[in-house]
Amino acid sequence: MLDLHRLRLLREVASRGTVHAAARSLGYTPSAISQQLTVLEREAGASLLERAGRNVRLTDAGAVLVRHAELLLLGVEAAEAELAEVAAGRPAGVVRVAAFQSAFLGIVVPAVRSLTATHPDIRVTATEIEVEEAAPALRLQQLDAVVGDEYTGQPRAVHADLFREPLLREEIRLVLPAGHPAATAGPVRLAGLAGLSWSASQPGTGHREMHIRTCRELGGFEPDLRYSSDDFFTQLELVRAAGAAALLPELGLAQSTADVAVRSIADGPVGREVFLLTRAARTPAVRAVAAALRRAAAEQAVGPRLTSP
């Protein structure tokens, strides 16, 4: 009989491309995964993986097994959720949520707070992860809901097996040192800021790519991205302390903006959509968490947060 745990390991290796990558994702050693897959091949009576350069790929038999494993794992997940609901008499079970930092603070935390009162039998685990990493984990059933973001002109990948719904739309604001000459005016043209250093998120993130694209397209210059942090509050502090400039979404300005100037971009609006990703088949507990996230997003007072220097 095929072992469900080993099927999960096979699916993970197939998705990640290497045994080592799957081991890092699951917290196993590569040798432990290799041993389990050897047993699975013996159970299946066929080779399931073959070398493809430095990676591995599924054989025809492996592809058949992974396709069925997806259905089996979804079925087990649904059964566990339904059993928890029957035992509690209402939506119950564990729901694993991931979000980027500003949405974690502004949307996930308030949602968790409300769920403790409205759905005490739902146990929410929440992790701060960028959507680039969280979306694959959602597809592999390691997460149940992901709050992600998409900047104007930078569409995220579309996955047919995931359901996406918008939570809110926010504008990107220019944040300048309080003493900068442009801080005394209204909307600011980016072309006059080419000489500034800039603070943005780490390479490979949508926020950093937004900085590069916005400065190139609207300002006509290559930004000096001197400071890198995925923490928007750290970026605000770099504006204060190091005289940097930054482009920050409104959720990232929910905390103190003292001693900085927050301005609109005169060259045209730049925006960000915050969205929710779940698998298409939602358990009652996931539906309840999704509703709480929607309510928390709706309660966000997203709008012009423009400050004087």
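Heads up: these notes are all about the structure in this document. Bear in mind the structure is a predicted one, so any value in this text is a computation, not a measurement. Chains are numbered independently. Their residues run from 1 in the order of the written sequence. Reporting of local features is limited, given that this is a predicted model, to residues whose pLDDT is at least 70; pairs of side-chain atoms are given and counted only at 80 or more, and all residues count toward the totals for whole chains, interfaces and linings. By convention in this description, side-chain values take in all heavy atoms of the structure and omit both hydrogens and water.

1. Considering helix H9 (residues 284–298)
- Helix length check: H9, at 15 residues, gives a terminal C-alpha distance of 21 Å against a target of 21 Å (1.5 Å per residue), a fit within 8%.
- Within the span of H9, buried status applies to Ala285, Val286, Ala288, Val289, Ala290, Ala291, Ala292, Leu293, Ala296 and Ala297.
- Buried residues along H9 sit against strand S3 (93–99), helix H5 (101–118), strand S4 (122–128), strand S5 (145–151), strand S6 (162–177) and strand S11 (271–279). Elements are defined by DSSP. Helices are runs of H or I of four residues or more, strands are runs of E of two residues or more, and each kind is numbered from the N terminus. The span expected for a helix works out to 1.5 Å for each residue beyond the first. Relative accessibility thresholds used throughout: buried, under 20% of the residue-type maximum; exposed, over 50%; partly exposed, between the two (1.4 Å probe, protein chains only). In what follows, a contact means two residues having at least one pair of non-hydrogen atoms within 4.5 Å.

2. Observations regarding the packing of helix H1 (residues 4–16) against helix H2 (residues 19–26)
- With axes taken as lines fitted to C-alpha atoms, and helix axes fitted only over the stretch in contact, angles between N-to-C directions fall between 0 and 180 degrees. Relative orientation of the contacting elements H1 and H2 amounts to 115°, with a least axis distance of 8 Å. Relative to H2, H1 is oriented so that their crossing is right-handed. Packed against H1, whose contacting residues are Leu9, Glu12, Val13 and Arg16, the element H2 presents Val19, Ala21, Ala22, Ser25 and Leu26 at the interface.
- Polar here means any residue outside two lists: the nonpolar Ala, Val, Leu, Ile, Met, Phe, Trp, Tyr, Cys and Pro, and the charged Asp, Glu, Lys and Arg; Gly therefore counts as polar. For the contact of H1 with H2, the residue count by class is six nonpolar, one polar and two charged. Left-handed describes a crossing in which the near helix is turned anticlockwise from the far one by less than a right angle; the clockwise case is right-handed.

3. Description of the nonpolar core
- Ranked by internal contacts, the top residues of the largest apolar core, which has 29 residues, are Leu174, Val175, Leu176, Leu193 and Trp198.
- Residue assignment for this core shows that the elements contributing at least two residues are S6, strand S7 (197–200), helix H7 (206–219), helix H8 (232–242), strand S9 (246–249) and strand S10 (260–263).
- In terms of residue count, the dominant contributor to this core is S6 (four residues).
- Residues grouped as a nonpolar core are buried Ala, Val, Leu, Ile, Met, Phe, Trp, Tyr and Cys residues, joined through side-chain atoms within 4.5 Å. One finds Val95, Ala145, Leu251 and Val274 within the second-largest nonpolar core, a separate group that totals 27 residues.

4. Things to note about the packing of aromatic side chains
- In this analysis, rings of Phe, Tyr and Trp, with Trp reduced to its six-membered ring, are considered paired at centre separations within 6.5 Å, and the interplanar angle assigns stacked below 30 degrees, edge-to-face beyond 60, and tilted for intermediate values. All chains considered together, the criterion is met by one aromatic pair.
- Ring geometry for tryptophan 198 versus phenylalanine 221: centroids 6.2 Å apart, planes at 35°, classification tilted. Within this pair, whereas tryptophan 198 is found in strand S7, its partner phenylalanine 221 is found in the loop between H7 and strand S8 (224–228), the two being separated by 23 residues in sequence.
- The buried category is assigned to phenylalanine 221, whose relative accessible area is 9%.
- Two limits define a charge over a ring: the Lys NZ or Arg CZ must be within 6 Å of the ring centre, and within 35 degrees of the ring normal. Positioned above the aromatic ring of phenylalanine 275 is the side chain of arginine 164, whose terminal nitrogen or guanidinium carbon lies 3.9 Å from the ring centre.

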